[in-house]
Structures are given as C-alpha cells and as structure tokens.
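# Inside the fold
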Amino acid sequence: MSDNGEKVFIEMGQRQREESDQDQTEETLSLLTFCIEKDWYCVPSSQVKEVTRIPKITPVPGTPDYILGVAHHSGEILSVIDIKPLIGLDKTILTEKSRLLISTIEDEPAGLLIEIVQDIIEITKGKIETYLSGAGSEQKGYLTGRIQIGEVILGILDLEKLLYLGKKS
Amino acid sequence: MSKPKSWKNKIDILAFKAGRGYFGVELGQIMRLYILTPDKVSKAGGNMPKVITLLPEEEFPLVDFNESLGLAKQEGKTEDRTTVIVVKSDDGPIGIMVDEVEDLYSLSPREVYPLPQHIRGRLPFPYIWGLGLIYDRLLLLIDTNKLPKKAEDCRLLGINHTQVDRLKAVDF
C-alpha cells in the first residue's frame, strides 16, 4: 500500500474514533474496509466469515469470467468470485496482497477476491448515504450505500446481490 | 454411467490436464488411451475440421480439451503429450483430446465434493459431476454423458468448434 494510502487511513481511523465518541448512543455498524484498484469499499463484518490468503484455485471452464473457479479451504469448497468485472473493472491480477473474503451470506461459502484489506471500522448507521437501486453507474448496482470519512468515500458493497447475480445472471 | 450413484470404497480417477484446467475421469469409464504424435494429426483445407488418424474402423465424436474449454493452452509445455482418452457414454464412445495425462488417484468418498451451486447454475452443460481433492488441488470430475458433442454445444462452452467433429478412422 502507498504512503498516501496509509495516511488516508490513519486520518480515517482518527476521524472515525472521534465520531464514534460523539455518537455513542447511535446504532453502529462494523465494516471491513478494503481496496479495489484506487477505490475503497467495505462490507458489514457480520457478513464476513474470514479473510484468507488465496488458496489454489481450479478454473471451471464454461463459467463467466467473474467466476475464477473453485478452491478448497478448511474442509470446504468455495466458489471464487472476482468482484472487479462485476463492477465494470478489468479482471484482478493476483498479487501477494490479494486476499479472499469468505462470505457467510449463503449456505454455501463463497470467496470474493479483494486486493488490499485495510481495517475494521465502526460507524454509526446514520452516516450511511443510501443509493437508490438501479440508479447511476454499473458499480452502484452492487452498492447499498456509501459513507464519507474525512476525504475518503467508501462504497458499501451489497454481498447478497453480488452472490445472487453470481448464481443467476 | 460416469457418475457413481453411490459408493462406499475408493474410486479410481485418471487425472488429466487441459490448458490451465485439471480434470478427472473415472477409470471405469475409460476404454483406451492414444498418445497423439504429429504424424497422426492433419488438417484438411478450407473450413474442414482437423482430422486425426487412429486405428482402423473406429469412429467417434472427438471433444478437444486441448483448447481447454476456453482456457488458454500452456504453450510449449505439454505439446508432446497430447492424448486422446476414449471414454464410454450412453451414446457410445467419445474421444477427449487433452494436453497431458497426469496420474491415477484413488479417492475416498470424503475426498469427493459436489460442485457448488454457484458454479453449477452457471454452466451451460452439467459436464462436471463433482470435485476430487488431491492434496490441496481440486480436479473437475467430468460426466462423460454430459460432454458437448455438437459444435453448438462447444460454442457455449468456449471450445473451438472446428476441433470437434466426427472422428474419422484412417489407417496409419
């Protein structure tokens, strides 16, 4: 991660702690934050079972390009999904920093490929700006909302929709 | 049948490689193997498909896994080990052309997993009946009754359809 990126997140953490102190009576949400290309995203921690290194992935011919294949992890079979093509970006190139976010949304575990995992933050639900479904860019179709912390805007990914489309579309 | 309906003991799987994909076929489904050498492969002119010469009086559909169902071929690595695996199916024998035959494995039921619903629902053909775990690697266990046999089927799977045709037996 770049120095600039670290500074941004130090600032985010400070602001988030300040805001959290001010809004202790409001309902909070725990979010796992991560980076995809230059944008920051997050998902509710309650929907994340685990974040792990990338296991050996077996490609499955005939599936769409956002399905990277299947992998065995901790005695379970995961379908591995690349988020980037779903939100209109080029396919992910795996690096040392790539991680697999294992979701708990459905009965069948699925792994979503992410680039840089940053932190878990607590925010008050009132800070979330919701998106209207179907409005705007391709990315917004997979976002439930966004939050702004300092100068950083984080998109809140709709894991349910990502996995649902991974199954049906 | 290619998919064992139930089994208590181990099943024997022949693992093969095609492109970057790893596949497995149950040993009981295999009729024979041919190692292909360049002199057995020829190309007809125009739009005619590739013709592969094998033993006399044999004719069966050929599915080319060499282009690996849309996966990139591993250039230059397995060229000399191209193999045709002739398997049984309900419609008669089918030849599967693969990059390389790897090894034989015995899998216990606990080493065989169903294909996740996420993936199964996205396949144009249910040609994979399960996953076999070999150490930390998964093999796609193919259902020989569900393999694409027509050019249209292959197009849906991303195979180069010119490489799938009726295999014509020619003396060699």
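The structure contained in this document is the topic of the report that follows.

### Describing the overall build of chain B
Summing up its helical and strand segments, chain B has 2 helices and 13 strands in all. Of all 172 residues assigned to chain B, the portion counted as buried reaches 52%. Accessible surface for chain B amounts to roughly 8600 Å². Of this, 49% is attributable to carbon and sulfur atoms.

### Some points on the nonpolar core
Residue and element names in this part refer to chain A. Ranked by size, the top nonpolar core spans 50 residues in total, and within it F34, V70, L101 and L157 carry the most contacts. Filtering out sequence-adjacent residues up to four positions away, L101 remains in contact with L32, F34, V43, V48, E50, V51, A110, G111, L112, I114 and L159. In terms of nonpolar packing, the next biggest core, distinct from the first, is built from 12 residues, W40, I123, I147 and I149 among them.

### Topic: the environment of F16(B)
Residue and element names in this part refer to chain B. For F16, the location among the structural elements is in strand β1 (residues 11-18). Judged by its relative accessible area of 0%, F16 falls in the buried class. Counting along the chain gives 66 residues from F16 to T82, while the straight-line C-alpha distance between them is 10 Å.

### Here we look at the environment of Y66(A)
Residue and element names in this part refer to chain A. Of note, Y66 is situated in the loop between β4 (57-58) and β5 (67-73). For Y66, a relative accessible area of 7% translates into the label buried. Counting along the chain gives 19 residues from Y66 to P85, while the straight-line C-alpha distance between them is 5.8 Å.

### Regarding the sheet that holds strand β9 (residues 100-107) of chain B
Residue and element names in this part refer to chain B. If you walk across this open sheet you meet the 6 strands as β9-β1-β2-β12-β11-β10, and the pairing is mixed. Every interior strand has two partners, whereas the edge strands, β9 and β10 (112-113), have only one. Two elements, β1 and strand β2 (residues 21-26), share 6 bridges in a ladder whose sense is antiparallel. Looking at the pairing, A15 lines up with G24 of β2.

### Concerning unusual backbone geometry
Despite not being glycine, E37(A) shows a phi value in the positive range, around 55°. Among the structural elements, E37(A) can be located in the loop between β1 (28-36) and β2 (39-44). With a phi angle near 55°, Y135(B) is a residue other than glycine that sits in the positive phi range. Relative to the elements of secondary structure, Y135(B) occurs in the loop between β11 (128-134) and β12 (137-142).

### Description of the pattern of salt bridges
Residue and element names in this part refer to chain A. One pass over the full model with this rule turns up 8 salt bridges over all chains. Here K125 and E27 are joined by a salt bridge, their closest N and O atoms 3.2 Å apart. Separated by 98 residues along the polypeptide, K125 in the loop between β9 (116-124) and β10 (129-130) and E27 in the loop between α1 (3-22) and β1 bring together distant segments of the chain. The exposure class assigned to K125 is partly exposed, which follows from its relative accessible area of 37%. With its nearest N and O atoms 3.0 Å apart, the salt bridge here joins E129 to R146. Residue E129 is found in strand β10, and its partner R146 is found in strand β11 (residues 143-149); the two are separated by 17 residues along the sequence. For E129, a relative accessible area of 40% translates into the label partly exposed. Using a relative accessible area of 26% as the deciding quantity, one classes R146 as partly exposed. Residues joined by salt bridges that share partners form a network here, namely E37, K84 and E115.

### Examining the packing of aromatic side chains
Residue and element names in this part refer to chain B. This structure, assessed with the given rule, holds 1 aromatic pair over all chains. Their ring planes at 15° and their centres at 5.4 Å tell us that F16 and F23 sit as a pair that is stacked. Neither F16 nor F23 differs from the other in exposure class; each is buried. Here the guanidinium or amino end of R137 rests over the ring plane of Y22, the centre of that ring lying 4.0 Å away.

### So, the sheet that holds strand β6 (residues 76-82) of chain A
Strand order in the open sheet formed by 6 strands is β3-β7-β8-β6-β5-β4 (chain A), with mixed pairing between adjacent strands. Because the sheet does not close on itself, it has two edges, and the strands there are β3 (48-52) and β4 of chain A.

### A short note on the side chain of T92(A)
All names here are of chain A. The topology assignment puts T92 in the loop between α2 (83-86) and β7 (99-103). A distance of 2.6 Å separates the side chain of T92 from the side chain of D82, its partner in a polar contact. What T92 contacts, discounting residues up to four positions off in sequence, is D82, K84, L113 and E115.

### Observations concerning the interface of chain B and chain A
Contacts between chain B and chain A engage 25 residues on the former and 25 residues on the latter. Between chain B and chain A, roughly 2100 Å² of surface is buried when both sides are summed, and carbon and sulfur atoms account for 67% of that area. At the boundary of chain B with chain A, the tally comes to 1 salt bridge. D136(B) is the partner of K56(A) in a salt bridge, and the nearest nitrogen-oxygen pair spans 3.6 Å. The interface formed by chain B and chain A contains 6 residue pairs in polar contact (both at pLDDT 80 or more).

Here is what the cut-offs are and how they apply
- Residues numbered from 1 in each chain as written.
- Chains lettered and ligands numbered in written order.
- Predicted model: local features only at pLDDT ≥ 70, side-chain atom pairs only at ≥ 80, totals over all residues.
- Heavy atoms only, no water.
- Helix = DSSP H or I, 4+ residues; strand = E, 2+ residues; numbered from the N terminus.
- Buried < 20%, exposed > 50% of the residue type's maximum accessible area, 1.4 Å probe, protein only.
- Areas by Shrake-Rupley, 256 points an atom, 1.4 Å probe, with all protein chains shown as cover.
- Core = buried A, V, L, I, M, F, W, Y, C linked by side-chain atoms within 4.5 Å.
- Contact = heavy atoms within 4.5 Å.
- Pairing = 2+ DSSP bridges.
- Salt bridge = Lys/Arg side-chain N within 4 Å of Asp/Glu carboxyl O.
- Phe/Tyr/Trp six-rings, centres within 6.5 Å; stacked < 30°, edge-to-face > 60°.
- Lys NZ or Arg CZ within 6 Å of the ring centre and 35° of its normal.
- Polar contact = N/O pair within 3.5 Å; in protein donor to acceptor, adjacent residues only side chain to side chain.
- Buried area = accessible area lost by both parts, 1.4 Å probe.

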